Amino acid sequence: MSDHTVLHVKGRVLVGPDDVRDELWVVGGRITYVRPAAEAATVRGWVLPGLVDAHCHVGLDAHGAVPDGTSEKQALREREAGALLLRDAGSPSDTRWIDGRPDLPKIIRAGRHIARTRRYIRNYAHEIEPGDLVEYVAREARNGDGWVKLVGDWIDRATGDLSACWPRGEVEAAIAEAHRLGARVTAHCFAEDSLRDLVEAGIDCVEHATGLTDETVPLFAERGVAIVPTLVNIATFPQLAAGGDAKYPRWSAHMRRLHERRYDTVRSAYDAGVPVYVGTDAGGSLPHGLVAQEAAELVKAGIPVPDVLSAASWGAREWLGRPGLAEGAPADLVVYADDPREDVRVLGAPRQVVLEGRPVG
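Figured I'd write up the structure that's included with this text.

Rules used in this analysis
- Counting of residues starts from 1 at the beginning of each chain's written sequence and follows it residue by residue.
- Only residues with pLDDT of at least 70 get local features here, since the model is predicted, and only at 80 or more are side-chain atom pairs given and counted; chain-wide, interface and lining totals rely on the full set of residues.
- The basis for the side-chain values is all heavy atoms of the structure; hydrogens and waters are excluded.
- In this scheme, a residue with accessible area under 20% of its type's maximum is buried, one over 50% is exposed, and one in between is partly exposed, where area comes from a 1.4 Å probe on protein chains only.
- Secondary structure elements follow DSSP: runs of H or I no shorter than four residues count as helices, runs of E no shorter than two count as strands, and numbering proceeds from the N terminus.
- Being paired, for any two strands, means DSSP has found at least two bridges between them.
- Pairing of aromatic rings covers Phe, Tyr and Trp, the last through its six-membered ring, and needs centres within 6.5 Å; plane angles under 30 degrees mean stacked, over 60 mean edge-to-face, and all others mean tilted.
- The rule for a charge over a ring is simple: NZ of Lys or CZ of Arg within 6 Å of the ring centre, and within 35 degrees of the ring normal.
- For every element, the axis is a line fit to its C-alpha atoms; helices are fit only across the contacting stretch, and the angle between N-to-C directions ranges from 0 to 180 degrees.
- In what follows, residue pairs with any heavy atoms lying within 4.5 Å of each other are defined as contacts.
- Every case where a carboxyl oxygen of Asp or Glu lies within 4 Å of a side-chain nitrogen of Lys or Arg is listed as a salt bridge.

Most of strand 12 (residues 147-151) sits out of view: 5 of its 5 residues are buried. Residue alternation in strand 12 divides its side chains into two sets, Trp147, Lys149 and Val151 and Val148 and Leu150, and both sets are buried. In this structure, strand 12 lies alongside strand 15 (residues 184-189), joined through 5 bridges in parallel fashion. Each residue of the ladder has a partner; that of valine 148, found in strand 15, is valine 185.

Counting across every chain of the model gives 6 aromatic pairs. Ring geometry for tyrosine 120 and tryptophan 154: centres 4.8 Å apart, planes at 75°, overall edge-to-face. Taken as a pair, tyrosine 120 in the loop between strand 10 (114-116) and strand 11 (126-128) and tryptophan 154 in strand 13 (residues 153-156) lie far apart in primary sequence, 34 residues in all. Of the residues examined, tyrosine 120 reaches a relative accessible area of 11% and is grouped as buried. On the basis of relative accessibility, which here comes to 16%, the residue tryptophan 154 falls in the buried class. The aromatic ring of tryptophan 147 is capped on one face by arginine 87, whose charged end is 4.6 Å from the ring centroid. The cationic tip of arginine 262 hangs over the ring face of tyrosine 263; the distance from NZ or CZ to the ring centre is 4.3 Å.

Here the focus is the sheet that holds strand 8 (residues 83-88). Read from one edge to the other, the open sheet built from 3 strands follows the order 5-8-9, with strand pairing classed as parallel. Among the strands making up the open sheet, the edge pair consists of strand 5 (51-56) and strand 9 (106-109). Averaged over all pairs of adjacent strands, the angle between their axes in this sheet comes to 20°, without regard to strand direction. With 4 bridges connecting them, strand 8 and strand 9 associate as parallel partners. Each bridged residue has a counterpart across the sheet, and for arginine 87 the counterpart in strand 9 is isoleucine 108. Of the strands in this sheet, strand 5 and strand 8 touch helix 1 (residues 68-80), which is tilted by about 130° from strand 8.

It is worth spelling out the sheet that holds strand 18 (residues 333-336) at this point. Strands sit in the order 3-2-1-4-18-19-20 across an open sheet of 7 strands; the sheet is mixed. Both outer strands of the open sheet, strand 3 (30-32) and strand 20 (358-360), are each paired with one neighbouring strand and no more. Neighbour-to-neighbour, the strand axes of this sheet turn through a mean angle of 40°, independent of strand direction. Here 7 bridges tie strand 1 (residues 6-16) to strand 2 (residues 19-27), and the two strands are oriented antiparallel to one another. Bridging across to strand 2, histidine 8 finds its partner in tryptophan 25.

So, about the pattern of salt bridges. Applying the stated rule across the entire model yields 25 salt bridges. With a shortest N-O distance of 2.6 Å, aspartate 332 and lysine 106 are connected by a salt bridge. One end of the pair, aspartate 332, is in the loop between helix 12 (314-319) and strand 18; the other, lysine 106, is in strand 9, with 226 residues separating them in the sequence. We note a salt bridge from arginine 168 to aspartate 197, for which the minimum N-O separation is 2.9 Å.

Written as C-alpha cells, this is what we have:
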C-alpha cells in the first residue's frame, strides 16, 4: 500500500473512553475524519490506537545485547500483537536504526540501565557507584528519548535479600539533573524500602512496584507517580524464588510474598488513583508480543476493562506524549473483529494492524 492509497476504516472507532466514531480515513499515511474524494479500500471492525507496551527491551535478551536481526524480530513480534508504540525501559543495544523503518513500531528509549556495581543482571547496565550517578544519568538523559532508567533495588548478597541501591542524596541530585535536561526518570523496584526515597526525590515512574504498601500508595497518588506493574513478569517470581532457596532463603521468601499479593498491590494503587500502564518487560527472559496478556492480568487484578484499554492505548499514548487517533496523526491503529470493551482478551486477536497508514503483517 503506497502513501497515496486511501483507506476507509468503518465500524466503531474508539478514539477515547468517551469518543466513539463510526469511521475514519487514512490519506497519505495520516488519519482524517473528513471524507476524501478519492476511492478507498475498506477495513471494518472495532478500532483502537496502536497499542503501547510501556515497558519492554528491544535489543536485549537474557545475556545482554543482541544482533540487529534479533532486535528486528523482537520489534516485529510487538507489531504482530498490535503494539505500535514501545517504551524501551533500558537496553545496551543501539536500536536507532529502527527509527528509519516505517514498518516497525516506534520506540521511546530510556537509554541503558544504570545500576549499582554487581547489583543487577550481568551485561545489562552501566554498573557504577553512587558518586557517579549524576554523571551517568545526564549521559543517558542525552542518549534516550526523554527517559532514564535506574535500578532502584536488587539483591544484596551480603544480607541475602533485596535492598535499595542508592543513597537518598545521590538520587535527589540525579533526578534533578535528568529533569533539568528534560528527561523523566523511572526505576526498577521490586521491594519496599527504596520507594519512599525515590518518590520524595521526584521520580516520575516505578517499574514493577511490587513493594507498594498502605504507607507508600498514598504517596504515589499524591505525587502522581505512575507504575507499570509488568504482571506477566511478576508471574515468574515463584520460579526465581525456587532457584534461590538454598543460597538466599530470605530473598526467596520475600519474592514469594511479593508475588502472592501482586494483584492486591496493583488494585490498591489503582483504587488510590495511581496511574497504571500496560507493560510486559519483554526482552529479558520473556518473549515480545505479550501486551494482550498483560492487559488481561490487570483486569484479573481488578482494574475495569475500559481503564485497562486506556492504559494500553489512548491513555498510555497521552502519558508518553504521542498522538492517538487524532485528526492528522500518523495512522497507527489496530482493528479487531469484536468489541474489546466487552472482553479484553479480544486484544490478543488483531484482525488488521495498520502502521503509518499501511496494513502490515
